[in-house]
Protein chains: 2
Amino acid sequence: MLRASVQKSLRQTYKLSTRFSSSVAAQYFPEEPISPQLVTSSIPGPKSQAYNDELGNVFDNRATYFVVDYVKSLGNYISDADGNKLLDVYCQIASIPLGYNNPALIEAAKSDDMLYALIDRPALACFPSTNYAQILQEGILAAAPPSMTKVWTALSGSDANETAYKAAFMYQHAHKRGSLDFTSEELSSVMNNEAPGASDMVILSFDRGFHGRLFGSLSTTRSKAIHKLDIPAFPWPKAPFPSLKYPLQDFIKENHDEEIGCLQEFERIIVEDYEPHKIAAIIVEPVQSEGGDNHASSFFFQGLRDITLKHDILMIVDEVQTGVAASGKFWAHEHWNLTTPPDMVTFSKKFQAAGFYFSNPELQPNQPYRQFNTWCGDPSKAIIARSIYQEITKHNLVEKTAQVGDYLYDGLKQIINKYPGKVLNLRGEKYGTFIAWDCYDAEVRNNILLECRKRGVNIGACGDVAIRLRPTLTFEAKHADILLQVLEDSFKAV
Amino acid sequence: MLRASVQKSLRQTYKLSTRFSSSVAAQYFPEEPISPQLVTSSIPGPKSQAYNDELGNVFDNRATYFVVDYVKSLGNYISDADGNKLLDVYCQIASIPLGYNNPALIEAAKSDDMLYALIDRPALACFPSTNYAQILQEGILAAAPPSMTKVWTALSGSDANETAYKAAFMYQHAHKRGSLDFTSEELSSVMNNEAPGASDMVILSFDRGFHGRLFGSLSTTRSKAIHKLDIPAFPWPKAPFPSLKYPLQDFIKENHDEEIGCLQEFERIIVEDYEPHKIAAIIVEPVQSEGGDNHASSFFFQGLRDITLKHDILMIVDEVQTGVAASGKFWAHEHWNLTTPPDMVTFSKKFQAAGFYFSNPELQPNQPYRQFNTWCGDPSKAIIARSIYQEITKHNLVEKTAQVGDYLYDGLKQIINKYPGKVLNLRGEKYGTFIAWDCYDAEVRNNILLECRKRGVNIGACGDVAIRLRPTLTFEAKHADILLQVLEDSFKAV
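Each value, and the rule that gives it
- Residues numbered from 1 in each chain as written.
- Chains lettered and ligands numbered in written order.
- Predicted model: local features only at pLDDT ≥ 70, side-chain atom pairs only at ≥ 80, totals over all residues.
- Heavy atoms only, no water.
- Domains from an automatic or database assignment.
- Contact = heavy atoms within 4.5 Å.
- Buried area = accessible area lost by both parts, 1.4 Å probe.
- Salt bridge = Lys/Arg side-chain N within 4 Å of Asp/Glu carboxyl O.
- Polar contact = N/O pair within 3.5 Å; in protein donor to acceptor, adjacent residues only side chain to side chain.
- Helix = DSSP H or I, 4+ residues; strand = E, 2+ residues; numbered from the N terminus.
- Nonpolar A, V, L, I, M, F, W, Y, C, P; charged D, E, K, R; others polar.
- Axes fitted to C-alpha atoms, helices over the stretch in contact; angles between N-to-C directions.
- Parallel < 35°, antiparallel > 145°, perpendicular 65-115°, else oblique.
- Core = buried A, V, L, I, M, F, W, Y, C linked by side-chain atoms within 4.5 Å.
- Buried < 20%, exposed > 50% of the residue type's maximum accessible area, 1.4 Å probe, protein only.
- Disulfide = S-S within 2.5 Å.
- Pairing = 2+ DSSP bridges.
- Least-squares fit on C-alpha atoms with pLDDT ≥ 70 in both.
- 1 Å grid on protein atoms, 1.4 Å probe; cavity = no way out; pocket = protein on both sides within 12 Å on 5 of 7 lines; lining within 4 Å.
- Points joined across faces, edges and corners; volume = space filled by probe spheres on them.
- Phe/Tyr/Trp six-rings, centres within 6.5 Å; stacked < 30°, edge-to-face > 60°.

**Student:** Just to check I follow, could you spell out the domain arrangement of chain A for this structure?
**Tutor:** By a frequent convention, interface size equals the accessible area lost on bringing the separate parts together. All names here are of chain A. Considered domain by domain, chain A is made up of domain 1 (4-102 + 396-493) and domain 2 (112-393). Averaged C-alpha coordinates put domain 1 and domain 2 at centres separated by 29 Å. Between domain 1 and domain 2, the residue contacts involve 29 residues of the former and 28 residues of the latter. Carbon and sulfur atoms supply 58% of the area buried between domain 1 and domain 2, which totals about 2,400 Å² over both sides. It is Val398, Tyr431 and Phe434 that lose the most area in domain 1 upon contact with domain 2, and together they represent 27% of the buried surface on that side. Arg470 is paired through a salt bridge with Asp293; the nearest N and O atoms lie 2.4 Å apart. One can count 15 residue pairs in polar contact (both at pLDDT 80 or more) joining domain 1 with domain 2. Breaking the side of domain 1 that touches domain 2 down by element, the ones donating at least two residues are helix H4 (91-94), helix H15 (397-416), strand S10 (423-427) and strand S14 (466-468). Here the side of domain 1 that touches domain 2 gets 4 residues from one element, more than from any other, and that element is H15. Considering only residue class, the side of domain 1 that touches domain 2 consists of 17 nonpolar, 8 polar and 4 charged.

Here it is, written out as structure tokens:
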């Protein structure tokens, strides 16, 4: 654990509240536990196991960590069926924004807007409600990345990415076609899933990226074989994503060379492996999350943007996991200060609602019913997203999360340096709470996760050997102190 | 309009209530309008247009029929922003089950279960709630088709179908692989989207079928070119779907020959165009809805089942539109009395929740995290589905909808016969309210739809020249009388 003097100095540096002073978490959750509370000798406990056995009769339950009592969960603490209360820094795979049972979300859930959204679910593109524009404008669109003015709503991250891909393909073919109408050959061949009506263009993604698990999105996912095995895939290409060495300040030249090499290979693929205008778009995460929390520098992302512009390729930024205020910015790609913004930005998870942002009106296809489905989103989720956005703004949670992230990072740096054989490659400096590190191997990693759980912390893995932190936006110094203590004890124990 | 004597006799035949006697609709909606109420000279009216213009600034609004005031909608009547109240027989593209603002759904929406489902949305496959098994068992699974015991929940019809396809591919490859593990070649090739790790198997669908708009589902959709143009597609095959002639009793031999021809061609494709075990599954709708409300007989579907069993091909029945009590059965494929049930049945729309049913445990992949995503469904929708199922059961809505469907069908038969040059091919006899007919051409069809709207009925098209009825399950004789009158007047007017 941090020495008290270091802790005090860090708190002063980051202007963080002390443990018992007022905090947003304390305002939201006056009854939040002050530390993990463990009542069974192991987790999952007997009640969790019994509920999970019952669930297994009807639903695939083999990935269950433990069964949750959401009624008793509060703030940053998740309660299992046995009454264990764990500090949660995994948060439903990075998708709980404001803590469990947040009073602002309770209010949104009890609102009349929510009631009608639930009981009269509209086919939004045909029969939108009188308040849908307002719900979007006050929430999802108010939160839009710089320069983005429109949104297409979807239901999940996979869905958001796939609708963005569809927009990209239709945009590129419209440009190629110019003012011409569809040809009779296109109209007939497409019904047989053949070119020229079916596109022969591709989406390029990056090695170790993750973009979802439906057929189009899975073809761009490159993180793990187990996600992809036995599923048909489009013959779409991948480019290398930088593998940076840590600590960054010790490998400045190596990392820069690595990024230049990746950019060169990216452009080589575009120029040598494909005819012009065959790559409709690229998709890239600001931090490759599922693939191991792999970061790259703004230089790399600016390079990608420059090369895509040069070759008339669209750039889709997948902010499904990085988006919504955890990274030190509302959208992680704001870190890059791109000279030209991306063409589309996708979101889901911590926004609860999903979709993609854009600004170029040509990304709306030239006819209705081309980008279309029955529901085209879900107002009940857009209402939750509005509340999430408004709370983030009201409580300054982007900045607060940036500060606590810095505090957590510095604390972690001190701890990790003490266990160099077990844990390494700390990353996410100045990136909010979006922090991760590697372990010596998968066994050490998995043992650390179990040791954390034993000590009342629910924490998640990513990649082959990494541990990623994904706490809520109400995670504060007092929670960080507990987490740091548990991590240090767990590192020691393995 | 029906002569009063005919109407009386039909009502007696079908034991239907008279207009003012008690009814489920009257119990649910004592204030439901007794007829359409029009207050603007055209629809969309000025307020609808203003709201739609505002929406267009941020969202694709080009498919909007009119903007809806859901607060003022009730039962079978949809209210637009201007206060027009239309009898709705389109119902959010066939997805409103119990009428607008149904009190049972209000209760479900205000329940504690709903509150926590909304504010603490779980990653269901990792952190299921203590009540998820119960919610499924009392709702979605209580409604399962005969012999189906398990469910995988999803978010939309497209998503449901694609997860069923994934289950089919993994099942077929597991059978081929036997007890062997993945090979190193599979593990490496799949990361490049190449065989053998990426599957070279296919899903076969039927001409004019519709199964969704994401990349895998869109590859099986064959209804209209506009849905598919410019989007990459898997090279998956299609087989012919019967084109039946109406009235059925006049074309018994022709239609039987047509179905035999389609079955023969289906088996020819399997045997001649593909090596054994390359077709993982077929997907078929009980009524091809988006493609034009195309029916086939139980003989045809039993034939499909026999041929799939013979060739070890899985059979997926897409009940996204046909499911949930509108067809005269809870699931439309129950009409077929198959000797062996289908392998998977997908659902969405009127259940509000989505997913696929199955019974064979081998349709659950051999390892966790293969069929997986962050949310794996949505408890808030499963809670609504539970309420829908319980209301259908409590009020006997399958039988009631079957009866009113018969009434409506017989009334329509009499009207349509009077306008043979304009409307023809009435279909859906003994198929609940799942009724449709063709028009002379698309122009006549579109004019009829507009004439209906002018008279206060919101009604939908499908296929090239068809009109489909998709009222709620609380649509009764009193509503049917109004609809029949409006249809006759509209047929006359065009």
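From this point, things continue past the structure.
**Student:** Whenever I open this one, the packing of helix H6 (residues 112-119) of chain A against helix H14 (residues 379-394) of chain A confuses me. Can you help?
**Tutor:** Residues and elements named next belong to chain A. Taken N-terminus to C-terminus, the directions of H6 and H14 make an angle of 155°; their axes are 8 Å apart at the nearest point. In terms of their interaxial angle, H6 and H14 are classed as roughly antiparallel. Packed against H6, whose contacting residues are Asp113, Met114, Ala117 and Leu118, the element H14 presents Pro379, Ser380, Ile383, Ile384 and Arg386 at the interface. Taken together, the residues of the contact of H6 with H14 sort by class into 6 nonpolar, 1 polar and 2 charged.

**Student:** Could you clarify how one ought to interpret the nonpolar core in this entry?
**Tutor:** Within soluble globular proteins, side chains that are nonpolar generally end up buried alongside one another. With 236 residues, the main nonpolar core has Phe351 and Tyr357 of chain A together with Phe351 and Tyr357 of chain B as its most contacted residues. Residue assignment places this core across two domains, with domain 1 (4-102 + 396-493) and domain 2 (112-393) of chain A each supplying three or more.

**Student:** What should I look at first to understand the interface of chain B and chain A in this one?
**Tutor:** At the junction of the two partners, chain B supplies 119 residues and chain A supplies 119 residues. Surface buried jointly by chain B and chain A totals about 11,200 Å² across both partners, of which 63% is contributed by carbon and sulfur atoms. Interface area lost by chain B to chain A is led by Phe59, Phe127 and Asp230 of chain B, which between them contribute 8%. Here chain B and chain A share 6 salt bridges between them. Here Arg370 of chain A ties to Asp230 of chain B by a salt bridge, and the two come within 3.0 Å at their closest N and O atoms. Taken together, chain B and chain A are joined by 55 residue pairs in polar contact (both at pLDDT 80 or more). It is helix H8 (residues 157-177) of chain B that provides the largest number of residues to the side of chain B that touches chain A, a total of 8 residues. Here the residues of the side of chain B that touches chain A are counted per class, giving 65 nonpolar, 31 polar and 23 charged.

**Student:** What's the story with the state of the cysteines in this structure? I'm lost.
**Tutor:** Two cysteines whose sulfur atoms are joined by a covalent bond form what is called a disulfide. All names here are of chain B. Per the stated rule, a full pass over the model turns up 0 disulfides over all chains. The thiol of Cys439 is unpaired, and the distance to the nearest cysteine sulfur, on Cys452, comes to 9.2 Å. According to the relative accessible area criterion, Cys452 is buried, its value standing at 0%.

**Student:** Sorry, what's going on with the environment of Ala354 of chain A here?
**Tutor:** Residue and element names in this part refer to chain A. Among the structural elements, Ala354 can be located in strand S9 (residues 354-358). By relative accessible area, Ala354 is classed as buried at 1%. Between the C-alpha atom of Ala354 and that of Leu155, which follows or precedes it by 199 residues, the distance is 5.3 Å. For Ala354, the contacting residues outside a window of four places in its chain are Trp152, Thr153, Ala154, Leu155, Ser156, Gly157, Ala160, Phe347 and Ser348.

**Student:** Any chance you could explain the sheet that holds strand S3 (residues 150-154) of chain B here in plain terms?
**Tutor:** Within a beta sheet, neighbouring strands are joined by backbone hydrogen bonds and run either parallel or antiparallel to one another. Judged by pairing direction, the sheet is mixed, and its 7 strands sit side by side in the order S3-S11-S10-S9-S6-S4-S5 (chain B) without closing on themselves. Because the sheet does not close on itself, it has two edges, and the strands there are S3 and strand S5 (238-239) of chain B.

**Student:** What is the right way to look at the relation of the copies chain B and chain A in this model?
**Tutor:** Relating one copy of the chain to the other requires a rotation about an axis plus a shift along that axis. When chain B is fitted to chain A, the best match, at an RMSD of 0.0 Å, comes from turning it 180° and sliding it 0.0 Å along the axis. Seen this way, the second copy is the image of the first under a two-fold rotation axis. Using C-alpha coordinates, one finds that chain B approaches the rotation axis most closely at Phe215 of chain B, a distance of 2.9 Å. Comparing contact sets, 100% of the residues at the interface of chain B also lie at the interface in chain A, consistent with an isologous, same-surface contact.

**Student:** When you look at empty space enclosed by the protein in this model, what are you seeing that I'm missing?
**Tutor:** Empty space left among the atoms is revealed by rolling a probe the size of a water molecule over them. One pass over the full model with this rule turns up 9 cavities of 30 Å³ or more. Empty space within the largest cavity amounts to approximately 150 Å³. Lining the largest cavity are 21 residues, with Arg121, Leu155, Asp378 and Lys381 of chain A together with Asp378 of chain B sitting closest to its centre. Counting residues per element, the ones that place at least two in the lining of the largest cavity are strand S3 (150-154) and H14 of chain A. Split by residue class, the lining of the largest cavity holds 11 nonpolar, 4 polar and 6 charged.

**Student:** Whenever I open this one, the packing of aromatic side chains confuses me. Can you help?
**Tutor:** For any pair of aromatic rings, geometry is given as the distance between the ring centres together with the angle between the planes. In the structure shown here, the tally under the stated rule is 71 aromatic pairs over all chains. Taking 5.9 Å as the distance between ring centres and 90° as the angle between the ring planes, the aromatic pair formed by Trp236 of chain A and Phe215 of chain B counts as edge-to-face. One end of the pair, Trp236 of chain A, is in the loop between helix H11 (225-228) and strand S5 (238-239); the other, Phe215 of chain B, is in helix H10 (residues 215-220), on a second chain. Judged by relative accessible area, which is 4%, Trp236 of chain A ranks as buried. Residue classification places Phe215 of chain B among the buried residues on the basis of a relative accessible area of 0%.

**Student:** Can you walk me through the sheet that holds strand S1 (residues 77-79) of chain A in this structure?
**Tutor:** Residues and elements named next belong to chain A. As summarised here, the arrangement of the 3 strands in space is S1-S2-S12, forming an open sheet in which the pairing is mixed. The sheet terminates laterally at S1 and strand S12 (457-458), the two strands that pair on one side only. By the bridge criterion, 3 bridges tie S1 to strand S2 (residues 85-88) in an arrangement that is antiparallel. The partner of Ile78 across the bridge, within S2, is Leu86. Its contacts with the sheet put helix H17 (residues 477-493) on S1, S2 and S12, and the angle it makes with S2 is roughly 100°.

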